Amino acid sequence: MSVPASTYPATPLALRFAQRARLRARRERWARRGLAAAAALLGLLVMAMPLFLLASANAGGGWRDLLLPLLAGSIKAAFYALLVAIPLGLGSAIWCARFAAPPLRRLLKPLFEVFEAVPAVVLGLIAALVLAPWLARQVLALAVFLALLPLTLAACGSAWQRLASPAWRRRMQGRESWLLIPPILLLAGLALQLGVWLGGGAVGALLRPATPWNGLVIGLMLGLAVMPTVFTLAEEALFGVPVELASAAQALGATRWQALWRLVLPVAAPGVLAAVLLGFSRALGETMIVLMASGNTPLLEASPLSGLRSIAANLALEAPEAAGGSAHFGQLLYSALLLFVLCLVLNTLAEMVRARLRRRLAGL
Amino acid sequence: MLRTGTRHAPRRRGDSGLWLAAGAVALSLAALIALLFVLLQQSARPFLPAAVAELRWQGAAGPQQALAAIVREDADELIARASEWQRRGGAYLRIARADLLERTFPPDALALRLADGRELYLRGDAHALAALPSAAGLALPGMPAELPLRRGELVEILAPNQLGPGGRLRVATQRAWAFVSGSPGGDSGSAGLLPALVGTVVLVLLMSVLVMPLGVLVALWLHEYAGRGALAQLLRAAVANLAGVPSVIYGLFGLVLFVHGLGAGLDALFHADALPSPTWGTGGLLWSALTLALLTLPVVVIAVEEGLARVPAGLRQGALALGATRAEMLWRVVLPVARPALLTALILAVARAAGEVAPLMLVGAVKYAPALPLDGEFPYLHLSKQFMHLGHSVYDLALTGADAQRDLGEAHAAALLLLIVVVALNAAAIVVRNRLRERSRELSA
Amino acid sequence: MSRLRLAGADGLQPMPGGLLDGLELALQARALSLHYAERRVLDQISLSVPRRRITALIGPSGCGKSSLLRCFNRLNDEIADCRMDGEVQVLGVDAYAADVSVPDLRRRVGMVFQKPNPFPQSVGENVAFGLRLAGLRSRLELDDRVETALRAAGLWDEVRDRLDDSALRLSAGQQQRLVIARALAVEPEVLLMDEPASMLDPISTLRLEELMVALRERYSVLLVTHNMQQAARVADYTAYMQDGRVLEFDTTDRIFTNPRLRGTEDYITGKL
């Protein structure tokens, strides 16, 4: 093999590089400056947001009468939402990360992502117009359903373990969740019947909500809205725990659930906690569902059967009408500052806890 | 010891928790399916032609009779709509079951729709009616003499009781299309989503144009120039936190910064003659787009940074080793390779922005804007104008509609449309992202 | 003009025993130490690489061969937490002096990586990449220079009809020669090769070795390799590294037939 002589002498190319060197260096400098300027602009905006809230927020004299009920409303809504989101999101995450067959997991993950993308206004619409009027008459049925659900699931589980042939059990391993849909639907039907049956009595009267648009409706729908957030983060944390940890425990005689509960969950606990914290933060800030389905009455009541008014919904209702610079607007800004700080603290806590999980997993 | 565990595998007493977890998945899926089902069912309602019944019931002043469309019924009562001779939404009948004396469905019952959305229920021959010349006056039994009608005023003639399932579906499809592609008609609340759809699209496009350059530049600085310096870490933490700030606070921020601040300033400078009625100092398209751009900035920065991190190190080093400056390496090698990541970032931002309503309530979307933000009149794109938005229409139709029965159905239809748009965008993002991951695996394999 | 001057009077002390007497030096490292974070990768290295010869770097994995290579074109600058002490001269000029233009240095010191890293562009665009940086626009000149570089890399006959195809569709061996063509196109004076044949099949490896020998006429080559036979076949000089130090440097013949140190012998004969 021979090297053909270059058709160009060495200097021209080197010369051209030399001629362009200053231009290229200048371009590089400008690129660096431009990018830094963009970053600085973003930094400025980030700083501006809390600063303007701080500067013009003004509680006035309305702290007790105006802001406290709003804060209580936000916390109440978020609390009931978590009561729904934690069992559903965490349970699904546990199943999906540790027990589901891989094809099922590949199906479930994007499904929950799509769930997360459903616009809040759509969920709010269904909550306000369909769920609320319906639930106003079916609180009892819901209570019956929730009370019987764990029992039903456990009973289905043990029945399956005892009655199904080993071949079927193996075939459905990691897909058991499909088996549970018919019993859940059956239970729902049964609960509805029981609700009608028992509804006339004293219990029915006790469980009659003051208004169709109440904490219960908010809890259910906001819970569903927040559930994918909890799921995604918790699933990530649980999936990151090495399989060997669980299989070692199972080799020592622990059941699949025991291995999860005693070994996997404690290791992934920071990630799960972060998921709950971020879910709480999202629920606090969610506007449309609460705005549409909570009745927007500023009450200081913890009961799930009464209405509420949250900071976020209050902002959406009143800020467009309030005159800039007025005392009323100052109060709105104050409430926004409150919400901002709450979310900031929750997000930062979650981030810190997640960093801890990452360190812990890196050590394994 | 080791073997006992496996031998007694069939009797796992501690495993009921596992079934609870499986139940959580099943319940979540059931909830998702139920939500979709309800939405579909509710949004189909205003479009499916209702059966028209001859009703006889016990009113306060003795037995009454009317030809009316059955809107909904449950165990206790029945809601029907009689002919709307006066105004749309003004002729609902609410009849308790106990009071209902008789209900028949005459096959020759007609449902006639007028251009303004009113519906009339009469008896007659649909084909004969349709064949009339448009100037001909209508003469049907039951028409009040003082309200004459011509054939040309009717936009739809149906004999709903004669329609089979296929016919009902065809009518529903036609009506749904007319609803999506139509404009709202005056004071009747709404009868079309087109302005809202156009408003949403224009808003989202404008937002993309604003957010993408800044987001990509910031991501490039963070990932390529800032390294792990304290400043970069601070900015990164700030961006992560920005992603968790409630959207309504962005709306408030936009209201103060853009509407009260920038907008009022612009008015004082350039539109002083028009004051006190504001030109820029009120919610509008540009302010909404800027607010949404701020809102989606963290999404873009995080997604682009992730994409940049996936560009194989070998390509960067290859470019640098040839004597490329950092900017040349980014422009000629890294950005082209990361293009799908930019696309993912864009889609995620658009999906997030398209479904967001709360901030728009503060900075510019309105219930009814007669003009589109985009038209043939100079300067074609009206940045300062208020506009209609799909998500906002859902909220509005649901809570403040004048004609509850129709509007609620239409609110659901608008919600369904919004959901389809947003889910399609998200699905696209997921697909592009998965392709991207495969590609980066190929590149680095 | 370029800020790099050709080898001048400030040349460093030659290596032991007048080994490189009378030869111009392409690369020189003196008392070179390198730290990644707290970990010391190179320890007081001194090495001279002669011009227009092939010098091989051999030694066990993780002994710092690649890190040393990256000191010569300052690619270690890209790694955060990387600290370097000592002196590096490229073509007689301090490569780490404040006024050195790094892009120009890297243009003169081409590099070929262990894993072929063609850009996801066409074959032709890959080779033209560096030329475009010089501002070359004329199609004619670009085509001409691309052809020259591809010929020099012994790839022209295989890809002359596929210049517009994606470079990712070439075989691994072709990709590696494409990458060499890409480096040659900008007319470097030194080529750093970091185990260029480790991912290739035996036939591609053979072709690559023939190419290296051919390149020797015009370029100074510093080759990192794991393959003893390869070093023996192509290199004029060989340096043996271990634990971040150059333990032995000599002509390839002497290293392979009569090494001074026990460690070198053990490594060459496969005992280490």
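Note that the coordinates shown come from a computational prediction; the quantities given were computed from them, not determined experimentally.

Draft legend 1. Representation of helix 3 (residues 123-133) of chain C within the structure. With 9 of 11 residues buried, helix 3 of chain C is to be regarded as a mostly interior element. Just downstream of helix 3 of chain C, G135 of chain C is the residue with a positive phi angle, here 90°.

Draft legend 2. Spotlight on the packing of aromatic side chains. Enumeration over the complete set of coordinates arrives at 9 aromatic pairs over all chains. On the basis of an interplanar angle of 45° and a centroid distance of 5.4 Å, the ring pair of Y240 of chain C and Y267 of chain C is categorised as tilted. Residue Y240 of chain C is found in strand 9 (residues 237-242), and its partner Y267 of chain C is found in helix 10 (residues 262-268); the two are separated by 27 residues along the sequence. Of the two residues examined, Y240 of chain C and Y267 of chain C, each falls in the buried class. One cation-aromatic arrangement involves R33 of chain A over W30 of chain A; the distance from NZ or CZ to the ring centre is 4.8 Å. The cationic tip of R171 of chain A hangs over the ring face of W168 of chain A; the distance from NZ or CZ to the ring centre is 4.7 Å.

Draft legend 3. The arrangement of the interface of chain A and chain B in detail. Every contact between the two is made by 88 residues of chain A and, on the other side, 78 residues of chain B. Summing both sides of the interface, chain A and chain B together bury roughly 7400 Å²; the carbon and sulfur share of this comes to 81%. If you sort the residues of chain A by the area they bury against chain B, L35, L42 and M49 of chain A come out on top, with a joint share of 9%. The closest approach of N and O atoms between E328 of chain B and R24 of chain A, which form a salt bridge, is 2.7 Å. At the boundary of chain A and chain B, one finds 9 residue pairs in polar contact (both at pLDDT 80 or more). Ranked by residues supplied to the side of chain A that touches chain B, first place goes to helix 1 (residues 10-56) of chain A with 17 residues. When the residues that make up the side of chain A that touches chain B are grouped by side-chain class, the tally is 67 nonpolar, 14 polar and 7 charged.

Draft legend 4. Highlighting the environment of L142 of chain A. Residue and element names in this part refer to chain A. Within the element layout of this structure, L142 appears in helix 4 (residues 120-163). Classification of L142 by relative accessible area gives buried; the value is 18%. C-alpha separation for the pair L142 and G195, spaced 53 residues apart in sequence, amounts to 8.0 Å.

Draft legend 5. Spatial organisation of the confidence of the model for chain C. All names here are of chain C. Put simply, chain C has an average pLDDT of 86, and 93% of its residues get 70 or more. A low-confidence stretch, residues 1-15 stays under pLDDT 50, and its non-local contacts, those more than four residues away or across chains, total 34 contacts. Scoring of the predicted complex yields 0.83 for pTM and 0.87 for ipTM.

Draft legend 6. Structural context of the environment of F329 of chain A. For F329 of chain A, the position within the fold is in helix 13 (residues 327-363). Residues F329 of chain A and P103 of chain A, spaced 226 residues apart in sequence, show a C-alpha to C-alpha distance of 53 Å. Residues within four places of F329 of chain A in sequence aside, it is in contact with A319, A322, A323 and G324 of chain A together with L252, L255, V256 and H260 of chain B.

Draft legend 7. Inspection of the UniProt feature "transmembrane region" (unreviewed entry) in chain A at higher detail. All names here are of chain A. Using the residue numbers shown here, the UniProt feature "transmembrane region" (unreviewed entry) corresponds to residues 34-57, 77-99, 111-134, 140-160, 180-207, 213-238, 259-280 and 332-350. Counting secondary structure, residues 77-99 comes out at 100% helix and 0% strand; the distance between its end C-alpha atoms is 32 Å. For residues 259-280, the helix share is 100%, the strand share is 0%, and the end-to-end C-alpha distance is 28 Å.

Draft legend 8. Focus on unusual backbone geometry. Residue and element names in this part refer to chain C. The backbone of Q44 sits at a positive phi, close to 50°, despite the residue not being glycine. Even without being glycine, E187 reaches a positive phi, approximately 55°. Classification of E187 as buried rests on a relative accessible area of 16%.

Draft legend 9. Structural detail: the packing of helix 4 of chain A against helix 6 (residues 176-198) of chain A. All names here are of chain A. The interhelical angle for the contact between helix 4 and helix 6, taken along N-to-C directions, is 140°, at an axis separation of 7 Å. Overall, the two elements helix 4 and helix 6 adopt an arrangement that is oblique. For helix 4 against helix 6, the interelement crossing comes out right-handed. Taking contact as the criterion, the partners of W134, Q138, L140, A141, V144, F145, L148, L149, T152, L153, C156 and W160 in helix 4 are, on helix 6, E176, L179, L180, P183, I184, L187, A188, A191, L192, L194, G195 and L198. In the contact of helix 4 with helix 6, the residues fall into 20 nonpolar, 3 polar and 1 charged.

Draft legend 10. Just the sheet that holds strand 8 (residues 154-158) of chain B, in detail. All names here are of chain B. The 3 strands are arranged 7-6-8 in an open sheet whose pairing can be described as antiparallel. Either end of the sheet is taken by a strand with one partner, and the two such strands are strand 7 (119-123) and strand 8. On average, each strand axis in the sheet is tilted by 25° relative to the strand beside it, whichever way the strands run.

Draft legend 11. Examining the pairing of strand 7 (residues 190-194) of chain C more closely. All names here are of chain C. Extensive coverage of strand 7 is indicated by the burial of 5 of its 5 residues. Alignment of strand 6 (residues 109-112) against strand 7, held across 4 bridges, turns out to be parallel. Counterpart to V112 in the pairing with strand 7 is M193. By the bridge criterion, 5 bridges tie strand 7 to strand 8 (residues 220-224) in an arrangement that is parallel.

Draft legend 12. Geometry of a positive patch on the surface. A grouping of R22, R26, R27, R29 and R33 of chain A together with R137 of chain C is seen on the molecular surface, where their side chains present a positively charged patch. Counting through the fold element by element, R29 of chain A comes out in helix 1. Judged by its relative accessible area of 42%, R29 of chain A falls in the partly exposed class.

Draft legend 13. Representation of a nonpolar patch on the surface within the structure. All names here are of chain A. Taken together, the side chains of V341, V345, L349 and M352 define a hydrophobic patch exposed on the protein surface, amounting to about 350 Å² of accessible area. For V341, the position within the fold is in helix 13. With a relative accessible area of 40%, V341 lands in the partly exposed category.

Draft legend 14. Summary view of the sheet that holds strand 3 (residues 77-82) of chain B. Residue and element names in this part refer to chain B. As summarised here, the arrangement of the 5 strands in space is 4-3-2-1-5, forming an open sheet in which the pairing is antiparallel. The open sheet is flanked by strand 4 (92-96) and strand 5 (100-104), the only strands paired with a single partner. In this sheet, adjacent strand axes meet at a mean angle of 40° when their direction is disregarded. Note that strand 1 (residues 52-59) and strand 2 (residues 62-73) share 8 bridges and pair antiparallel. Bridge pairing in strand 2 places Q58 opposite P63.

Draft legend 15. Structural context of the pairing of strand 8 of chain C. All names here are of chain C. Most of strand 8 sits inside the fold, with 5 of its 5 residues counted as buried. Along strand 8, one buried face is formed by S220, L222 and V224 and the opposite face, lined by V221 and L223, is buried too. Where strand 3 (residues 54-58) meets strand 8, 4 bridges bridge the pair, whose relative direction is parallel. Bridge assignment links I54 to a residue of strand 8, and that residue is V221. As for the winding sense of the linkage, the β-α-β connection from strand 7 through helix 7 (residues 202-215) to strand 8 is right-handed.

Definitions and cut-offs
- Residues numbered from 1 in each chain as written.
- Chains lettered and ligands numbered in written order.
- Predicted model: local features only at pLDDT ≥ 70, side-chain atom pairs only at ≥ 80, totals over all residues.
- Heavy atoms only, no water.
- Buried < 20%, exposed > 50% of the residue type's maximum accessible area, 1.4 Å probe, protein only.
- Helix = DSSP H or I, 4+ residues; strand = E, 2+ residues; numbered from the N terminus.
- Phe/Tyr/Trp six-rings, centres within 6.5 Å; stacked < 30°, edge-to-face > 60°.
- Lys NZ or Arg CZ within 6 Å of the ring centre and 35° of its normal.
- Contact = heavy atoms within 4.5 Å.
- Buried area = accessible area lost by both parts, 1.4 Å probe.
- Salt bridge = Lys/Arg side-chain N within 4 Å of Asp/Glu carboxyl O.
- Polar contact = N/O pair within 3.5 Å; in protein donor to acceptor, adjacent residues only side chain to side chain.
- Nonpolar A, V, L, I, M, F, W, Y, C, P; charged D, E, K, R; others polar.
- pLDDT = per-residue confidence, 0-100.
- UniProt positions renumbered as here; feature names shortened; annotations may be inferred.
- Axes fitted to C-alpha atoms, helices over the stretch in contact; angles between N-to-C directions.
- Parallel < 35°, antiparallel > 145°, perpendicular 65-115°, else oblique.
- Left-handed = near helix turned anticlockwise from the far one by under 90°.
- Pairing = 2+ DSSP bridges.
- Patch = residues over 30% accessible without salt bridge, like charges linked within 9 Å, V, L, I, M, F, W, Y side chains within 5 Å.
- Areas by Shrake-Rupley, 256 points an atom, 1.4 Å probe, with all protein chains shown as cover.
- Lys, Arg positive; Asp, Glu negative; His and termini not counted.
- Charge placed at Lys NZ, Arg CZ, Asp CG, Glu CD.
- Right-handed = clockwise from strand over helix to strand, strands pointing away.

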